[in-house]
Each structure stands twice: as C-alpha cells, then as structure tokens.
Protein chains: 2
Amino acid sequence: MNTSSRRKIIQGAGLAATGAIAAPVLAQDQSGLRWRMAASFPRALETCYGSTSDMCKRIGELTDGRFRVTLHAPGELVPALEVMKAVSGGSVECGQAFSSFYFGVNPAFIFDAGLAFGLNPRQQNAWMYQGGGLELVRELYAKYDCYPIPIGNFGVQMGGWFRREIKSLADLKGLRMRIGGFGGMVMSRMGVSPQQLAGGEIYAAMEKGVIDAAEFVGPFDDEKLGLNKVAPFYYAPGWWEGSAQMTALVNLKSWQSLPKAFQNAFEVSAAEANMSMLCRYDAKNPAAMRSLIAKGTQLRWFPRDVMDTAFKTANELFDELSDKNEDFKKIYVSWRKFRDEQTAWYQVADHYLDNYTFNALKRRT
Amino acid sequence: MNTSSRRKIIQGAGLAATGAIAAPVLAQDQSGLRWRMAASFPRALETCYGSTSDMCKRIGELTDGRFRVTLHAPGELVPALEVMKAVSGGSVECGQAFSSFYFGVNPAFIFDAGLAFGLNPRQQNAWMYQGGGLELVRELYAKYDCYPIPIGNFGVQMGGWFRREIKSLADLKGLRMRIGGFGGMVMSRMGVSPQQLAGGEIYAAMEKGVIDAAEFVGPFDDEKLGLNKVAPFYYAPGWWEGSAQMTALVNLKSWQSLPKAFQNAFEVSAAEANMSMLCRYDAKNPAAMRSLIAKGTQLRWFPRDVMDTAFKTANELFDELSDKNEDFKKIYVSWRKFRDEQTAWYQVADHYLDNYTFNALKRRT
C-alpha cells in the first residue's frame, strides 16, 4: 500500500476529497477540550480506521470526557493526503497519518512508517520506543511543526495482484503496475512502469487491461475490493514495507500546550491502538486468504531474482537518499545499526523457533 | 524460565520469602483508592519489574492520583509464588504474575503465558485480544476469583547453559538440568533429570558439578547472574515457551467493584506495558549476547533430534492434558485452531519476508 493507493481507497469508499481546509476548533470551556482528528483512511477499513476510532474513545474515557478527540473521515475536514499539511498549519489539531505518504515532502519520513525489507513490526516498536527511533522521528517532524505518535501497524502486506504469472525478473519488464512511493521507485528500476491509480479505479483498470498489476493492502482489505475477480495471481510478500506503522500527527504547539494529563491519556491510548491494529489484521487476514484461495486465487511468491534485485536496489536507494538528504542519513545510521543487531539476535531464538515450529507443523499436515 | 527459576531469581536477589500474608488495604478516602500489587519478579530485573512499575505509575497519572497502585517486590507482601493465592483470597488486590507458575494448580493456566513451540508473542497478542483467548483465560481464572490482564512478554528465551556440548538426543540422557514446569516434563521424557534449584543457587551448583545444565531467562538477565563463568555452552532456543506473557492478576471482586474509569486506566496501562516489556528485551538482548560471546560463551542450537523429539513430546503432552482436564481441552481447541491458521498466514507474508531479509543481510556480511 502506498500514497496513491491510500488516497484512492478513500475515493473508492465514495468519500469525495473536498479540498476544503477546516477552521481550527480550540474550544475549551466547561465541557472540556475538544480536538478534531483528520483521518487518512476511510471508515470502511474497520481495522485501521476502527483502531484509531477506539483510541479516540479511550482518550475520552480516560479523561472523563474532559478531553475529547473526534475522528473525521477523509474529506470531512481535509483530504486524506493533506492531513500533514493541515496539522502542520494548525487548521486541525491532529491527524491519522501514514508517514510514507509524505515521502515526497521528505524521504526521511518513511522511517516513521517502515522501510523495504524490514524492520519488521516488532522490531519497529523496539526501535521506536527503546532504540531511539521515536526521538529521531520527532526531531524530524518538529521541523514541520508536528509531533508523531505511533498508533498502529498493518504488518507485512501482500505484493499485489497480477494478471499474468511472474516467473522471473524479465516478466516485470514493461509491466504497468499500480504502485507508488519508495516501492514504485524500486520497481521502476526493475523495469516496471509504475502507475498512479485510485483504489476504487483498480478494478476497472485491471478489467480493461489498462494495468497489468496492482498492489493494495492484504487479504482482508483486498477481498473487499474484489480484486480477485480481475486478476488470478496474488503475489507475496510486499517487500517494500517490512513494517507499515500508522501515526498520529499532532500539531506541535497544540501538543506542547496540552495539559500533561491529556498528553498521558493520548500517549497511552496510542500505545494500546498500536498493538490493537496489528492484532486485528493478524486475526482477520488468515480467513480472508483462505476465502480468496477457495474462490480460485492463485497464491504465488515473487521469484528469487525479483527478490534479490529488489533487495539490492532498495539498499542502493537507501545509500543514495543518505547521500542527498541529511535527515535521511542521520536516521538511517541509527536504523541500520538497530536492524543489523536485531537480525543477528532474532536468528538465535525468536526467528529460529518460528522457523522450526512452522516447518514442523507443516510436516504434520 | 519456569516456576522454580523465577522463585529462585527472587531469592537470588537476596529477597527472603517471608511467607507472611499481608492484611488487605482497601483505603478509599479523600486521597483516593490505593491498591497494592505483589510482584513475582525482583526489582533487579529492570525489564519485567521495570515495565510493571511504569504501568503502576501510569495508572496514577491517568487518574490524577485518585487511583494509586504500588508495586511491592516479592517477599514484601507475599512470596513470589503465592501471588495468585493472595490475590484469589483478597489479601492483596492484585499481583504481577507469570501464569505458568500455576501449572501445578491447573495446567490450563499456561495458555495465559505461552506454550511450547508457539504461539509466538505477536500471535499470542492476536489470540488474546482478537481471537477469543482472553475471554477463555478469564473464564478459567474466574474459578479462582481472579481477573487476568496481559502486561508484558519476555519473548523467546534461551535454552540454557550446558557444561558439555549436546551433539544429539543421547547426550541429554541422565543430564541433571535445572528446569521445571511443562519444559521439565518434556525434558524428563527425553531422559533429563530435572532439578528444582534457586536462581541464586545455579552458579554454585554448576561450579561444583551438582548440576550439568540450567535454563534461566535470556542474554540480558543471564549475564547478570554470571552463568557464562561456569558453563561454556549457551543453547538456543527455549522451545518450551514460544511466548512468555506476563499477567496482572486482579482479585475478581476488587475488579468488579472498581469504578469503570479506574478499570479503563488499569487496562490501557496494561496494554502499554505489554508492548513495552517486549521492546525492552528486544532492545537489550542483542548487546548482551554479543558481550557474552566476546567473553568466550559458545552459542549453540539444540540438535535436530532434540528439537524433533521435544516437538513430538510436547504435542503428546498437550493431548494427554486435554484428555485429563476439561479446562485445558476447552482452551486448547481454540488455541490450536488459531495457531494453525496463523502458521499458514505467517508463511505467506510476514515470516516469509523475515526469512528472506535475514538471509539476504547475512549474505552481505
């Protein structure tokens, strides 16, 4: 999933992006403080919208209603992709965002969401909360008058829907694939022609043969869009985002002037939402994948030469971005060190045991 | 880590188990409600004790000090292994517990902590919060007048310290190993002679040759105990606990009479602690492992025939426990279904990408 795809989900859900910038609401009378939160994802996505909605409810509960944050679907206050701009400018106090949306503003924002080939979601949390990641990301966002707080994770997504089977890297050449952001940049270097297309437009474009492939989210969300009806091959994994963390962006001045008790309520509710959103996807994706396969979807994994070239290209791009962008470089140094240490440690116990167990269970069936 | 090991960490930390049962404190005057929480782990463990301590602090912050929970080290109110008994009886309002401690009371309690060969920590969360696990575990604990809330996870631990190399299953025969609980039961069927021994006693017992092996926790905690000085071989993984979830046990009546606002503050702080504890271990273990290896520790993995026999034996034991115990059976049915679905899905995207990335990074170094 990328910038374009997420914008289009919204349109796909029938929510027009009005472009209107809302006037700030800073009411704080007897009824308490009220904030509005501009969502980047539509109500239809009960996982990512639902977990943020529950977070807002929790903030109200924790403050006995003295601090209420209301979540507004994309287009109600601002269009989905203008959430950061609106928060930065203070026309809304906070927003639900996916930082990779703002890759074009500053590529270093992707550290707040997830990079190609890891960190994975658990490692992302460890880096953010205990490895210095959150401090670095907050330093970056402060330049844009925003204060980021993690509020969820999509987990590793799918690699997308393909009309034809991809048997080797050569089969990607000239392929018109709906994919954007960093993933699109990598794919472009691998011969793909990346297409910007609304989520709601994917179905028709694929049916008409305007595009050959499209990445969206994962089984649970993709099934809703019916993409299995227009493309038989469903590829894994979505290597362009090893973790896809979702973020609450708060206007920096609004955050700094927020009473400590309300800051606490926001932060602790955000932590709960961070865990909850991933749990929702983990619990829902298996059944959706089974359902898709039962309907005829053919599950495939990207061929080895595609994976190897993507890995090499992604790492080259990381180096190029570091050379060009001081913000990227500073965070990349911390991130890469943490990734390499985690990689070594995971293979000792956690990942080693997963590997053993998954294979042992497979042998039994 | 198991019942015995955890009891002994406490003694190892120089905290005498007094055996005294504290009188209940149910103060609720102008200064608000005060609860005491009896810890199962000593202050010395900044990860698991530290995350629970921060959780208590958070509860106080969220309620403007109207609801304060104070954490007491093992022995201050009740001995570590009597936490559940004290909570159940109401002599303390709540406790920090590891449910596998109570395997002897009811083997079904291990579903609240973790079972051999998975679920892994992320899957455990998905099952607990979104897969019906928490409801089942609460139904079980209600029979003991307790209300459980997840508050942390140790991640996959190490398989322990061995004085001699284990080259095959045969090398386990007659081995005197400090290990208890479910892991001890499996090991016993594999020829090991499980030993109950204090954490603080491991060092001396190993040095004198009274035991041949000992499992404790993981690199960060084990290094503090200095076990690397008395045993050269450090084995992975601790397959007897694919997830090691920590739990707050609350007296059921105390929970039910707790104002909703305080329940909310407790639950949301617990969720934050659940994530935070695992982040702490993830962030700290890699450096500790490097440090141990630099000091001469020889890292090993259990041989294939040990893993295969352990997997087979563990699953046989699950079946036997299901046959004997209705509580175990009821939860096992849900747990096993969830595990099998997660196993299939993880291999599509998340685990597949981890596998690829970890191997690709290894090839680069």
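This text gives an overview of the structure that appears in the document. (Residues numbered from 1 in each chain as written. Chains lettered and ligands numbered in written order. Predicted model: local features only at pLDDT ≥ 70, side-chain atom pairs only at ≥ 80, totals over all residues. Heavy atoms only, no water.)

Contact residues are listed per partner, giving 78 residues for chain A and 78 residues for chain B. On inspection of chain A and its partner chain B, the count reaches 10 salt bridges. Residues arginine 66 of chain B and aspartate 64 of chain A are paired through a salt bridge, measuring 3.7 Å at the closest nitrogen-oxygen approach. Put simply, chain A and chain B have 24 residue pairs in polar contact (both at pLDDT 80 or more) between them. When contributions to the side of chain A that touches chain B are tallied by element, the ones reaching two or more residues are helix 2 (48-62), helix 4 (121-130), helix 10 (260-294), strand 12 (298-301), helix 11 (304-324), helix 12 (326-346) and helix 13 (350-364) of chain A. By residue number, the principal contributor to the side of chain A that touches chain B is helix 10 of chain A, which donates 20 residues. Taken together, the residues of the side of chain A that touches chain B sort by class into 37 nonpolar, 21 polar and 20 charged. (Contact = heavy atoms within 4.5 Å. Salt bridge = Lys/Arg side-chain N within 4 Å of Asp/Glu carboxyl O. Polar contact = N/O pair within 3.5 Å; in protein donor to acceptor, adjacent residues only side chain to side chain. Helix = DSSP H or I, 4+ residues; strand = E, 2+ residues; numbered from the N terminus. Nonpolar A, V, L, I, M, F, W, Y, C, P; charged D, E, K, R; others polar.)

The strand order 8-7-9-6-10-12 (chain B) describes an open sheet built from six strands, whose pairing is mixed. Sheet topology places strand 8 (193-195) and strand 12 (298-301) of chain B at the edges, where each strand pairs with a single neighbour. (Pairing = 2+ DSSP bridges.)

Attention now moves to the pairing of strand 4 (residues 94-97) of chain B. Residue and element names in this part refer to chain B. Burial along strand 4 is two-sided: Cys94 and Gln96 facing one way and Gly95 and Ala97 facing the other are all buried. Taken together, the two bridges between strand 2 (residues 32-38) and strand 4 define a ladder with parallel strand orientation. Residue methionine 37 lies in a different strand from strand 4, and its bridge partner there is cysteine 94. Here strand 4 runs beside strand 11 (residues 245-251); their pairing, made up of four bridges, is antiparallel. If you follow alanine 97 over to strand 11, its bridge partner there is threonine 247. (Buried < 20%, exposed > 50% of the residue type's maximum accessible area, 1.4 Å probe, protein only.)

The next thing to look at is the packing of aromatic side chains. Throughout the structure, instances matching the rule amount to 70 aromatic pairs over all chains. When the ring of tryptophan 255 of chain B is compared with that of phenylalanine 266 of chain B, the centres are 5.9 Å apart and the planes differ by 90 degrees; the resulting orientation is edge-to-face. Taken together, the residues tryptophan 255 of chain B in helix 9 (residues 252-256) and phenylalanine 266 of chain B in helix 10 (residues 260-294) connect sequence positions 11 residues apart. For tryptophan 255 of chain B, a relative accessible area of 5% puts it in the buried group. For phenylalanine 266 of chain B, a relative accessible area of 0% translates into the label buried. Counting every residue linked through ring pairs, the aromatic cluster contains Phe103, Phe111, Trp127, Phe182, Phe318, Phe328, Tyr332 and Trp335 of chain A. (Phe/Tyr/Trp six-rings, centres within 6.5 Å; stacked < 30°, edge-to-face > 60°.)

Our next topic: the packing of helix 10 of chain A against helix 2 (residues 48-62) of chain B. At a minimum axis distance of 9 Å, the contact between helix 10 of chain A and helix 2 of chain B shows a crossing angle of 130 degrees. Relative to helix 2 of chain B, the element helix 10 of chain A is oriented oblique. For the element pair helix 10 of chain A and helix 2 of chain B, the recorded crossing hand is left-handed. On the side of helix 10 of chain A, the interface is formed by Asn264, Ala265, Glu267 and Val268 of chain A, while helix 2 of chain B contributes Arg58, Glu61 and Leu62 of chain B. For the contact of helix 10 of chain A with helix 2 of chain B, the class distribution of residues is three nonpolar, one polar and three charged. (Axes fitted to C-alpha atoms, helices over the stretch in contact; angles between N-to-C directions. Parallel < 35°, antiparallel > 145°, perpendicular 65-115°, else oblique. Left-handed = near helix turned anticlockwise from the far one by under 90°.)

This next bit is on the relation of the copies chain A and chain B. Expressed as a screw operation, the relation of chain A to chain B combines 0.0 Å of axial shift with a rotation of 180 degrees, fitting to an RMSD of 0.0 Å. What the rotation and shift describe, once combined, is the action of a two-fold rotation axis. Minimal C-alpha separation from the rotation axis in chain A is found for glutamate 272 of chain A, amounting to 2.8 Å. Residue by residue, 100% of the interface of chain A is reproduced at the interface of chain B, so both copies engage with the same surface. (Least-squares fit on C-alpha atoms with pLDDT ≥ 70 in both.)

For the rest of this paragraph, the subject is unusual backbone geometry. Residues and elements named next belong to chain A. Of the consecutive residues glycine 118 and leucine 119, the connecting peptide bond is found in the cis state with omega at -5 degrees. Its location among the elements puts leucine 119 in the loop between strand 4 (94-97) and helix 4. Alanine 236 connects to proline 237 through a cis peptide bond whose omega is -15 degrees. Positionally, proline 237 belongs in the loop between strand 10 (233-236) and strand 11 (245-251). Positive phi, normally seen in glycine, also occurs at phenylalanine 117, with a value near 60 degrees. As for its placement among the helices and strands, phenylalanine 117 is situated in the loop between strand 4 and helix 4. Within the chain, aspartate 145 stands out as a residue other than glycine whose phi angle is a positive 60 degrees. Structurally, aspartate 145 can be placed in the loop between helix 5 (133-142) and strand 5 (146-153). Overall, the relative accessible area of 38% leaves aspartate 145 in the partly exposed class.

Residues and elements named next belong to chain A. Where helix 4 contacts helix 12, the two axes come as close as 11 Å, and the packing angle between them is 125 degrees. Regarding the angle of helix 4 to helix 12, the classification is oblique. Seen along the crossing, helix 4 lies across helix 12 with a hand that is right-handed. Residue-level contacts link Arg122, Gln123, Ala126 and Trp127 of helix 4 to Ile331, Ser334, Trp335, Phe338, Gln342, Thr343 and Tyr346 of helix 12. Partitioning the contact of helix 4 with helix 12 into residue classes produces six nonpolar, four polar and one charged.

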